[in-house]
Amino acid sequence: FPGSHQASVVTLPEGRYLADVGCGAPILQAVPLSTTTELHHAGLGFRYQPGDTPDSLVQERLIDGKWTSFCTYDLRPATADGLALAFARHHTAGESWVTTTLSLVRCTPDAVYQIRNRDLSIYTDGGKRTQTLGSNAAVVDAVLATFGLPTLPVAEGLAALERLQQAAKPGAGG
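Residues numbered from 1 in each chain as written. Predicted model: local features only at pLDDT ≥ 70, side-chain atom pairs only at ≥ 80, totals over all residues. Heavy atoms only, no water.

Visitor: Is there a simple way to explain the pairing of strand 10 (residues 119-124) in this structure?
Guide: As paired elements, strand 9 (residues 112-116) and strand 10 share 5 bridges and run antiparallel to each other. Among the inter-strand pairings, V112 is bridged to a residue of strand 10, identified as Y123. As consecutive antiparallel partners, strand 9 and strand 10 are separated by 2 residues, and within that stretch N117 has a phi angle of approximately 55°, a positive value. (Pairing = 2+ DSSP bridges. Helix = DSSP H or I, 4+ residues; strand = E, 2+ residues; numbered from the N terminus.)

Following this line, the structure appears as structure tokens:
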């Protein structure tokens, strides 16, 4: 939906750049808007190229050896109404993954660690390893061991997600 992926355009003396700092991917540098740019980190690949219009930039991701379209950035300044609508949709259960998924990402110089619900994925130059965590306690342990966040209320977050998922089931009351 419009506004579902947002980033900032930064103008420097050298030109205009995209700064996509909140996407959870290891995009660790500004991306020039004027040319095709590839970024690689821990076995993950990202390619940016000018879109069909002067106000668009296309991001592709390297998946199984093939560049796959991920999103198109609208580089025009966002309107207050557009931002409000995108924010509301992201925070409405069932409209996007934002409120219905446990998602944590940690980027280091050699790896990217991701927890998405009960899956722990580790990306390195050697490939991707995924482990399914069998219980809420295993997720809590993985957050502590992998992310070093002992006070993050993961158990409470998982319980809230389970309540949201139950409420979203057909025929659920509430």
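Picking up where we left off.
Visitor: Honestly, unusual backbone geometry in this entry has me stumped. Any pointers?
Guide: Excluding glycine, residues mostly carry a negative phi; peptide bonds, for their part, are mostly trans. If you check the backbone angles, A42 has positive phi at about 50° while not being a glycine. Assignment of secondary structure puts A42 in the loop between strand 4 (37-41) and strand 5 (44-50). Looking at A42, the relative accessible area reads 6%, which means it is buried. Unusually for a residue other than glycine, D64 sits at a positive phi of about 50°. One can find D64 in the loop between strand 6 (56-63) and strand 7 (66-74). For D64, a relative accessible area of 78% translates into the label exposed. (Buried < 20%, exposed > 50% of the residue type's maximum accessible area, 1.4 Å probe, protein only.)

Visitor: I would appreciate a short explanation of the side chain of R47 in the present structure.
Guide: Looking at where R47 falls in the secondary structure, it is placed in strand 5. Polar side-chain contacts of R47 include one of 2.7 Å to the side chain of E60. With sequence-adjacent residues up to four places away left out, R47 is seen in contact with T36, T37, E38, V58, Q59, E60 and W67. (Polar contact = N/O pair within 3.5 Å; in protein donor to acceptor, adjacent residues only side chain to side chain. Contact = heavy atoms within 4.5 Å.)

Visitor: What am I meant to see in the nonpolar core here?
Guide: A general trend in soluble globular proteins is that nonpolar side chains are found buried together. Ranked by size, the top nonpolar core spans 16 residues in total, and within it L18, I27, Y48, L57 and Y73 carry the most contacts. Of all the secondary structure elements, the ones that give two or more residues to this core are strand 5 and strand 7. Top contributing element to this core by residue count: strand 5, with 3 residues. Look past the residues within four positions of Y48 in its chain and what remains in contact with it is L18, I27, V31, T35, T36, T37, L39, L57, V58, Q59 and Y73. By size, the runner-up hydrophobic cluster in this structure holds 13 residues, among which are L102, F147, V154 and L161. (Core = buried A, V, L, I, M, F, W, Y, C linked by side-chain atoms within 4.5 Å.)

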